[in-house]
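As a plain string of letters, each chain reads:
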Amino acid sequence: MDFATDRSDRATLKTGREARLACRAGFSGATAGLALGFAQANLVVLPADLANDFLRFCQRNPKPCPLLGVSEPGAVDLPGLAEDLDLRTDLPGYRVWRDGELIAEPAEVREVWRDDLVAFAIGCSYTFEAALLAEGMTLRHAAAGTEVPMYRTNIDCVPAGPFQGKMVVSMRPFRPADAIRAVQITSRFPFVHGAPVHLGLPQMIGIEDLARPDYGAPVAVMADEVPVFWACGVTPQAVIAAMRPPFAITHQPGRMLVLDLPDHRCAVL
């Protein structure tokens, strides 16, 4: 079965474990709208000698990098977040980096995994989308089965050691009244980016053309809508490209690690 294109098969993946096993079997599509009710995570994997600096970077930048879990060096699991997890195979797509250059986008990373690697699971805005959908809001990218549009901005992250760079944001368009409600709803989810960092006027945060996202797929913004921007867990990928570590692994944007953690566990109210 072609998991990448079979929309009906996507609908059968109702739990985090089912989604991970599908990835292990060849699913390569976007995870927006997949296994609703279960949290998703961005993945960053770095050599152990950079792990403490990156941990401090996440602590200093909780909006784009809300940390959900950290692995032991060389381990391929994240206890407490997902059972029967193999970080080398259980995402729909990976990125491999050397000296800040993207060198490959493989379906799995068993061949390049090393005993000194530390994995970081960073909260993803897909987690609060279930709450938005429950309020009757339309998420255009999820309805289309595509990645959310993501953009590099001119917003500086707080540096930590060699890690520094600009924030990446994800965008969802809403009518003004729904945008206000979206702020209220997502503010309950600080572990997955929380409230938006910007509404409207994309040029003010360095975005020149909404039709040309740096990651993900574009979505239309109608005349009666405003673009709403959330800090995004793809931020570390922009930072990796800027600070050029000797080796790193990340997820492909929009193709996340689906956890066993229920969405409501990421909410504070």
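Treat the numbers as computed from the prediction; the structure is a model and nothing was measured.

S.K.: Could you give me a rundown of the sheet that holds strand β9 (residues 226-231), with the residues and numbers involved?
M.R.: Strands sit in the order β6-β7-β9-β8 across an open sheet of four strands; the sheet is antiparallel. Two strands in the sheet have a free side with no partner beyond their single neighbour: β6 (150-156) and β8 (198-199). Bridge count for strand β7 (residues 166-174) against β9 is six bridges, and the pairing is antiparallel. By the bridge assignment for β9, Ser170 is matched with Trp230.

S.K.: Mind laying out the confidence of the model for the chain, listing which residues take part and the relevant values?
M.R.: Taken residue by residue, the chain gives an average pLDDT of 92. The fraction at 70 or more is 96%. Predicted confidence is poor over residues 1-8, with pLDDT under 50, and the contacts of this stretch with residues over four places away or in other chains come to twelve contacts.

S.K.: How would you sum up helix α2 (residues 16-25)? Please name residues and give values.
M.R.: Looking only at α2, the buried set comprises Gly16, Ala19, Arg20, Ala22 and Cys23. The arc that holds every buried residue of α2, seen down its axis, measures 160°, which confines them to one face. Among the structural elements, β1 (38-47) and β11 (257-262) are those in contact with the buried residues of α2. Just downstream of α2, Gly26 is the residue with a positive phi angle, here 125°.

S.K.: Tell me about empty space enclosed by the protein, and name the residues and values.
M.R.: All chains considered together, the criterion is met by two cavities of 30 Å³ or more. What the largest cavity holds in volume is close to 70 Å³. Lining the largest cavity are Asn42, Cys124, Ser125, Tyr126, Val148, Met150, His193, Cys232, Gly233, Val234, Gly254 and Met256. When grouped by side-chain class, the residues that make up the lining of the largest cavity number seven nonpolar, five polar and no charged. Quantified by volume, the second largest cavity comes out at close to 50 Å³. Along the walls of the second largest cavity sit Gly33, Leu34, Leu36, Gly37, Phe38, Gln40, Tyr126, Thr127, Glu129, Ala130 and Asp263, which together make up its complete lining. Residue assignment for the lining of the second largest cavity shows that the elements contributing at least two residues are β1 and α4 (126-134). A per-element tally of the lining of the second largest cavity places α4 first, with four residues. The class makeup of the residues in the lining of the second largest cavity is five nonpolar, four polar and two charged.

S.K.: Which residues make up the packing of aromatic side chains, and what values go with them?
M.R.: To describe a pair of aromatic rings, you give the distance between the ring centres and the angle between the ring planes. In total, this model carries seven aromatic pairs according to the counting rule given. Relative to Phe57, the ring of Phe54 has its centre 6.1 Å away and its plane inclined at 20°; by these criteria the two rings are stacked. With a gap of three residues between them, Phe54 and Phe57 both fall in helix α3 (residues 48-60), about one helical turn apart. For the pair formed by Phe54 and Phe57, the shared burial category is buried.

Parameters and conventions
- Residues numbered from 1 in each chain as written.
- Predicted model: local features only at pLDDT ≥ 70, side-chain atom pairs only at ≥ 80, totals over all residues.
- Heavy atoms only, no water.
- Pairing = 2+ DSSP bridges.
- Helix = DSSP H or I, 4+ residues; strand = E, 2+ residues; numbered from the N terminus.
- pLDDT = per-residue confidence, 0-100.
- Contact = heavy atoms within 4.5 Å.
- Buried < 20%, exposed > 50% of the residue type's maximum accessible area, 1.4 Å probe, protein only.
- Arc of directions from axis to C-beta.
- 1 Å grid on protein atoms, 1.4 Å probe; cavity = no way out; pocket = protein on both sides within 12 Å on 5 of 7 lines; lining within 4 Å.
- Points joined across faces, edges and corners; volume = space filled by probe spheres on them.
- Nonpolar A, V, L, I, M, F, W, Y, C, P; charged D, E, K, R; others polar.
- Phe/Tyr/Trp six-rings, centres within 6.5 Å; stacked < 30°, edge-to-face > 60°.

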